[in-house]
Protein chains: 2
Amino acid sequence: MAQNVRLEGLGILVFCVLMNPVMTTAQQPALHLMPLPAGVQFGTGSLGLDWSFSVAFTGYTEPRLERSGERFLRQLARQTGLPLSLKPAKRAKATLVVQTDHASKEIQEVGEDESYVLEVNAAGAKLTAPTPLGAMHGLQTFLQLVDVSPGGFAASAVTIQDQPRFPWRGLMIDSARHFIPLDVIRRNIDGMEAVKMNVFHWHLSENQGFRVESRKFPKLHELGSDSLYYTQDEIRDLIAYAKDRGIRVVPEFDMPGHSTAWFAGHPELASGKGPYEIERKWGIFDPAMDPTNEKVYKFLDELIGEMAKIFPDHYFHIGGDEVNGKEWDANPKIQAFMKSHGIKKNEALQAYFSGRVQKLVTKHGKTVVGWDEVLVEGVPKDIVIQSWRGQASLARAARQGFRGILSNGYYLDLGWSAARHYAVDPMSGDAASLAAEEQQRILGGESCMWSEYVNPENVDSRIWPRNAAIAERLWSPQEVRDPASMYARLDFVSARLEWLGLTHRTVSRHMLQRLAGSASAAEFAALRTLTDVIEPVKDYTREQTAPAEPTSATPMNRVVDAVPLESDEGRRFGDLVEQFVASACHDAAAEARLRAQLTAWRDNDAILQPLAQRSFLVKEVTANSQDLSALGTAGLAALDAIAKGQVAPDSWKAQQLATLEQIKKPKAQLLLIPAPAVQKLIEAAAAGGACSSPQP
Amino acid sequence: MAQNVRLEGLGILVFCVLMNPVMTTAQQPALHLMPLPAGVQFGTGSLGLDWSFSVAFTGYTEPRLERSGERFLRQLARQTGLPLSLKPAKRAKATLVVQTDHASKEIQEVGEDESYVLEVNAAGAKLTAPTPLGAMHGLQTFLQLVDVSPGGFAASAVTIQDQPRFPWRGLMIDSARHFIPLDVIRRNIDGMEAVKMNVFHWHLSENQGFRVESRKFPKLHELGSDSLYYTQDEIRDLIAYAKDRGIRVVPEFDMPGHSTAWFAGHPELASGKGPYEIERKWGIFDPAMDPTNEKVYKFLDELIGEMAKIFPDHYFHIGGDEVNGKEWDANPKIQAFMKSHGIKKNEALQAYFSGRVQKLVTKHGKTVVGWDEVLVEGVPKDIVIQSWRGQASLARAARQGFRGILSNGYYLDLGWSAARHYAVDPMSGDAASLAAEEQQRILGGESCMWSEYVNPENVDSRIWPRNAAIAERLWSPQEVRDPASMYARLDFVSARLEWLGLTHRTVSRHMLQRLAGSASAAEFAALRTLTDVIEPVKDYTREQTAPAEPTSATPMNRVVDAVPLESDEGRRFGDLVEQFVASACHDAAAEARLRAQLTAWRDNDAILQPLAQRSFLVKEVTANSQDLSALGTAGLAALDAIAKGQVAPDSWKAQQLATLEQIKKPKAQLLLIPAPAVQKLIEAAAAGGACSSPQP
């Protein structure tokens, strides 16, 4: 799948290879780049790396580039185990020369030039970029190019001309529902840099916590955070850390709803009588600010002024989502205000509030970002809509002249597969039919890590590696959308991300060790066999199936908290079944592998049961373990039927499918992922003929 | 194996159970304590843990105890995933009450009371200790008692009366040959605390580096460290960190040999003409201080004075090992001095030097520790001998009135198994026959992590988990020596140690990912199958078999650097073969497991070969991989022969053993660990009769 793509802006024609490692030829090494660059042209040979590798900066330089060079060398040393000198060279000649043209803006802007050209050949490498932003992206691409080879560590000879498709490529982390310490935030920002995301959206206030030190209103963090908040110095450090990586930091203070924690210290802002305390449960709650109280706007004026000084970004997120209006309905003073001002609905009251707050934000030099709800009649055109509702909402906004970013489809907490997120495009659906000028208003997207069911321990594993697929969606050309290629590269990038300190792979093993206690090696292996093929329930099913109402004090030490949100083993098994069925069940090697896997599943429960008797946390997945055994038995029966070359009887099929229906039901909030693939085997066995000749 | 042990000093009789998890009854839960306490008495039931768990300190308290309580709660929260309050309770009533009698010494002394009594029942727990040292040890024991259970996380009801066998239980880390950053040192100190070691011996100067900032002689670290050194502030912080964990810090400045790095800045101290530069290779080198130069003693007086102020411990290690004397032989001035002073041999010249340095150390208020070589005629009786030579040397010293600590047998860099280290007892061999008073002089021992072949990345994996077995040898009663019990507990403790931040398990996977590059899941699994059963060559074979002369710039990214020093899989396979042969080859389940394992090994090379073609680092273990296949084939042939119930012919046996001899030869500096076990299978097959009736 190679095609010619004209890179707008560069005006040159290059080969854009939508790389699938499986499909590259012997001459073309498999590149494991993520996001895929806009344009790639393969060269000959590769650049070998040894201890003498060096990097030098020419043209425009600044301390940030120096530091990015040091970080690059440290990361390269880690990736290769080579004892590299960790200082960029002071001379213009080096293995990798980075030439930057001019400075980027002091405060990073939306749509700044982030492009770069990276040329690698056997003699050396050159990275050229208009700005430090592009140079830093190019360094990340080089890191991904380096891999072990027959002759040593090497980077493939290649010319890459690259630029992002969208200027706004963000990750939102909710530090409010569960507090996320700065070291965890920092390593996630490292991960964002690796996949070229450029906006860290920091969700800082919620019903469950107000997480920023306010010197003007110290009761906000003192009474609203359980002492879990960021000091202003810490925030400044974090912003500098992000800027060093070409990443903007957009703060969000959610109002007028989602604000119970504010009221713990400042009940006078609320619409109800109180008393208020930090919310410990999840959901949408009644408390909301009083839009009719002038003191509220005075307070917000001062607070926004204080926060606007700490957060230099031009954008300021005011939330604005999910107000249920119950406190407004119950407050006679508010009702009287609405009547006297001709405000008929709560929606209009919220619009009034948003309008007032937008003016305050503007007064303090910022542009408002808000969730869909803030888009109501009369709001100024310069606000940015972040859409949790979807492309239709976004397109409607764009037609009205508003800029927007997509988050619907990128909610990491819903447990979707990387492929499902990957298929979501900001320009699809209603947005596809927008005029060119309107399309320009779609700035990009943001993945969102809402934190009801994550904590500092497992949050990495809920963000990564899937977030890398979303990052590619937002950076790479729209045509880049082959999930098989994406997964092949994601596997590689996921391992690389752990070198940055992210723990998304290792934490699962640690958490399983916790709940396995003193398991024998065989028992632990059996636990792994089970947990390798189960995933937490999707979307909002977790709330609906919780054994007891979850709160912020609920331990997250169960299997559902420990397993990855996406099962690699489950996906691979599905691929193998596809391959087998597509061969008209003639692929003997695939059959042997399926049989081995199904046998292991069938026999697994017997090994795991003694451990389940000793650990209440393993016992919780007893039914899942029995299901896995049943699944193994069913799959083996299907293979046996296929091997006989006869059509399995309908009664057998009905019985097997009934078993599968039971297996597919979530238990302990977990799904057994290979069930649909085994169903395919059963259907193939029952179809008989369908599996005796090659499929179309 | 339960026996009654009178705990001297406590004067009470308790049951001392040498716990083997396999042997505990249904009523007696398996305790995974390491080191095993001096005395354990089982109670009934267990203490359940939930979010309300609290700890309080009564009696004598100090800030260190408060901090240890916070650390304990943080660790308990990590182990269980429970959202515990992380502050010790301010009231006397708590789930765990810690009662301490009095302060320990301001500067921790050798032989201070470290005992404690820990009583746990269903209602609560009480920890009683004379000093904070014992209280902190007891907290670690409690952490090990907590495990997942059928009803939740719980600590078994138990009464433990515990005290160390030896007062000096140390780990030495060589920060000089490869610099080890402070974060790595700190997490290793956390590990020491977990297994109740109490001395961190810091090897700070070597031919390859002088690692401490000297303000009196800044050229020492400026010219002798490649900028890799600890500042004095950092050292003070580290000492405070260790003290908080009941751990003394003993610095070592090795002299008069092992000191080339000093001479880079101060050639005037040396016996040769120079010029000198930091040594980049490993071994014993010629440069040595000039014992005949008064300026050397003046320099050392000032330096020792400076360092004695930074390191508060009463002991000061002056090294003193391995002087080859070549510079002395070649220096006419030194020869003249020897003649005029009647010094006949270099050994006597070193004794003269040591005597002078000892006086300086004494002058600055410290007691000398030195390697065996410092024990020569006339040295004062208060010095402590650290023996790399062994128990005979130690016993000889003790008879002469010197105190000593054993390190022979505890060199972690030699790649021995945990069981082999575990079998080494400071009181065995010549030491066993010492009089009681002389035995008192054997203070304990120290494991030693020499760092020629470790770096910050893999050093944890070279220290742990084996160091925990040495810690048990030095703490627990001499009778505790069952390797099966040790391994069962070590597995558990090893997983727990990673919760402290140690990386001994995860790093191996990361390093293998590096050398596997973009391996498929199946290829990576095949690499793991191979690397799970190979170990680096033992003792000093690595030097002797190096492909090129190793230096401090040699990358440590090979398989030999990545695999653990001890193969758990190899050990388990050996145990399984023992079990099978002991059943007269009738144990069908064991046979099935052996056959599955051997088949996987036989087939592994075919899966791994494509990866070896793509990665030079995997290619290096091609022969090992082929050996593993051959081993699988040989083992399967043996099982087949056994299954036939006939005696395999001698010619077959000879041929198989010849194959095994080839397999046993190290390749790529790696050993294939299951080879001897497969040899047992072959011999069993060839013996026929030997395997047809139960073994004695």
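Here the residue numbering is sequential within each chain, running from 1 through the sequence in written order. Chain letters and ligand numbers both follow the written order, the letters beginning at A and the numbers at 1. Where local features are concerned, this predicted model is filtered to residues with pLDDT of at least 70; where side-chain atom pairs are given and counted, the filter is 80 or more; whole-chain, interface and lining totals use all residues. Side-chain descriptors were evaluated using all non-hydrogen atoms of the structure, hydrogens and water having been removed beforehand.

Secondary structure elements follow DSSP: runs of H or I no shorter than four residues count as helices, runs of E no shorter than two count as strands, and numbering proceeds from the N terminus. What chain A contains, in helices and strands, is 26 helices and 21 strands. Computed over C-alpha atoms, the radius of gyration of chain A comes to 27 Å, within 12% of the 26 Å expected from 2.2 N^0.38 for 696 residues, which places it in the range of a compact globule. Considering only C-alpha atoms, chain A reaches an extent of 80 × 65 × 55 Å along its principal axes. Relative accessible area decides the class of each residue, using a 1.4 Å probe on protein chains only: under 20% of the type maximum gives buried, over 50% gives exposed, and in between gives partly exposed. When burial is assessed residue by residue, chain A has 61% of its 696 residues classed as buried. Reported accessibility uses the Shrake-Rupley method at a 1.4 Å probe radius. Residues are deemed covered only where the shown protein chains occlude them. Carbon together with sulfur atoms contributes 53% to the accessible area of chain A, which is approximately 25900 Å² in total. Counted as positive: Lys and Arg. Counted as negative: Asp and Glu, with His and the chain ends omitted from the count. Every charge is mapped onto a representative atom, which is NZ of Lys, CZ of Arg, CG of Asp or CD of Glu. Distance from the positive charge centre (74 side chains) to the negative charge centre (83 side chains) of chain A: 1 Å. What the globule rule says is 2.2 Å times the number of residues to the power 0.38, and the radius of gyration is computed from C-alpha atoms.

All names here are of chain A. The rule for a salt bridge is simple: a side-chain nitrogen of Lys or Arg has to be within 4 Å of a carboxyl oxygen of Asp or Glu. On inspection of all chains with the given rule, the structure shows 80 salt bridges over all chains. A salt bridge links Arg571 to Asp568, with the shortest nitrogen-to-oxygen separation between them at 3.1 Å. Taken together, the residues Arg571 and Asp568, both in helix H21 (residues 568–582) and 3 residues apart, mark about one turn of the helix. The buried category is assigned to Arg571, whose relative accessible area is 19%. Classification of Asp568 as partly exposed rests on a relative accessible area of 30%. A single network of salt bridges, built from pairs that share partners, joins Asp174, Arg177, Glu206 and Glu452.

Below, the discussion takes up the pairing of strand S17 (residues 384–387) of chain A. As a general feature of sheets, a regular strand has side chains that alternate between the two faces. Residues and elements named next belong to chain A. Every second residue of S17 is oriented toward a common face, with Val384 and Gln386 on one face and Ile385 and Ser387 on the other, all of them buried. Pairing of strand S16 (residues 367–371) with S17, which is carried by 3 bridges, proceeds in the parallel orientation. Across the sheet, residue Val369 finds its bridge partner in S17, namely Val384. Alignment of S17 against strand S18 (residues 403–406), held across 4 bridges, turns out to be parallel. Each residue of the ladder has a partner; that of Ile385, found in S18, is Gly404. In this fold, the crossover linking S17 to S18 by way of helix H11 (residues 391–399) has right-handed handedness. Two strands pair if DSSP finds at least two bridges between them. Throughout, right-handed denotes a crossover for which the path from the first strand over the helix to the second runs clockwise when the strands point away from the viewer.

Before going further, it helps to examine the relation of the copies chain A and chain B. Alignment of copies: least-squares fit on C-alpha atoms of residues with pLDDT of at least 70 in both copies. Its rotation angle being 180°, the transformation that places chain A on chain B also includes 0.0 Å of axial translation and leaves an RMSD of 0.1 Å. Viewed as a symmetry operation, the transformation between the two copies matches a two-fold axis. By C-alpha distance to the rotation axis, the residue of chain A lying nearest is Thr506 of chain A, at 3.6 Å. Here a residue-residue contact requires only that any non-hydrogen atoms of the pair lie within 4.5 Å. The share of interface residues of chain A whose copies in chain B are also at the interface is 100%, consistent with both copies meeting through the same surface.

Along the polypeptide, Ala643 of chain A turns up in helix H24 (residues 622–644). Separated by 248 residues in the primary sequence, Ala643 of chain A and Ala395 of chain A place their C-alpha atoms 53 Å from one another.

If pLDDT is low for a region, its predicted coordinates should not be looked at in detail. Residues and elements named next belong to chain A. On average, residues of chain A score 93 in pLDDT, and 95% of them reach the 70 mark or higher. Confidence of the predictor at the level of single residues is given by pLDDT, which spans 0 to 100. Note that residues 1–27 has pLDDT below 50 and, in this model, 57 contacts with residues that lie over four places away or in other chains. On the interface metric, ipTM, the complex scores 0.92, and its pTM is 0.93.

What follows is about unusual backbone geometry. All names here are of chain A. In this structure, Pro256 follows Met255 across a cis peptide bond, with omega equal to 0°. Take Pro256: it is sitting in the loop between strand S14 (248–252) and helix H6 (260–265). For Asp539, which is not glycine, the phi torsion reads 50° and is therefore positive. Note that Asp539 resides in the loop between strand S20 (534–536) and helix H19 (541–544). Here the phi dihedral of Gln669 falls at roughly 60°; this positive angle occurs in a residue that is not glycine. The residue Gln669 is located in the loop between helix H25 (650–664) and strand S21 (670–672) in this model. For Gln669, a relative accessible area of 5% gives the class buried.

Turning next to the pairing of strand S18 (residues 403–406) of chain B. Bridge analysis of S18 of chain B against strand S19 (residues 442–449) of chain B gives 3 bridges, and the strand direction is parallel. Looking at the pairing, Gly404 of chain B lines up with Ile442 of chain B of S19 of chain B.

With 41 residues of chain A at the interface, the matching set in chain B holds 41 residues. Carbon and sulfur atoms make up 62% of the surface buried where chain A meets chain B, a total of about 2900 Å² over both sides. Here's the idea: put two parts together, see how much 1.4 Å probe accessible area each one loses, and the total over both is what we call buried area. On the chain A side of the interface with chain B, the three residues burying the most area are Trp499, Arg514 and Phe616 of chain A, jointly 20% of the side's total. On the surface where chain A and chain B come into contact, there are 0 salt bridges. Where the side of chain A that touches chain B is concerned, the elements lending two or more residues are helix H1 (63–80), strand S8 (146–149), strand S9 (152–162), helix H16 (483–498), helix H17 (506–516), helix H22 (588–614) and helix H23 (616–619) of chain A. Broken down by element, the residue count for the side of chain A that touches chain B peaks at 7 residues, all from H17 of chain A. For the side of chain A that touches chain B, a count of residues per class yields 18 nonpolar, 15 polar and 8 charged. Side-chain classes are defined by residue name, with Ala, Val, Leu, Ile, Met, Phe, Trp, Tyr, Cys and Pro counting as nonpolar, Asp, Glu, Lys and Arg as charged, and the others, Gly among them, as polar.

Residue and element names in this part refer to chain B. Locating Val361 in the fold gives a position in helix H10 (residues 346–363). Separated by 45 residues in the primary sequence, Val361 and Phe316 place their C-alpha atoms 7.3 Å from one another. The residues touching Val361, leaving out its near neighbours within four places in the chain, are Ile304, Phe316, Ile318, Lys366, Thr367 and Val368.

Attention now goes to the packing of helix H18 (residues 521–531) of chain A against H22 of chain A. Residue and element names in this part refer to chain A. In this analysis an axis means a line fitted to C-alpha atoms, helices contributing only their contacting stretch, and an angle means the value between N-to-C directions, from 0 to 180 degrees. Remark: H18 packs on H22, axes separated minimally by 8 Å, with the N-to-C direction vectors making an angle of 115°. For the pair H18 and H22, the sense of crossing is left-handed. Together, Ala522, Glu523, Ala526, Leu527, Thr529 and Leu530 of H18 and Trp601, Asn604, Ile607, Leu608, Pro610, Leu611 and Arg614 of H22 make up the contact between the two elements. Looking at the contact of H18 with H22 residue by residue, the classes come out as 9 nonpolar, 2 polar and 2 charged. By definition, any crossing whose near helix is turned counterclockwise from its far helix by less than a right angle is left-handed, and any crossing with a clockwise turn is right-handed.

Moving on, we come to the environment of Ala351 of chain A. If you trace the backbone, Ala351 of chain A turns up in helix H10 (residues 346–363). In this structure, the C-alpha to C-alpha distance between Ala351 of chain A and Ala157 of chain A, residues 194 residues apart in sequence, is 56 Å.

Glancing now at H1 of chain A. Residue and element names in this part refer to chain A. Expected span of a helix, by definition, is 1.5 Å for each gap between consecutive residues, and there is one gap fewer than residues. With 18 residues, H1 ought to run about 26 Å at 1.5 Å a step, and its terminal C-alpha atoms sit 26 Å apart, in line with that. Listed as buried for H1 are Arg64, Leu65, Ser68, Gly69, Arg71, Phe72, Leu73, Gln75, Leu76, Ala77, Gln79 and Thr80. Looking one or two places after H1, you find Gly81, whose phi comes out positive at around 75°.

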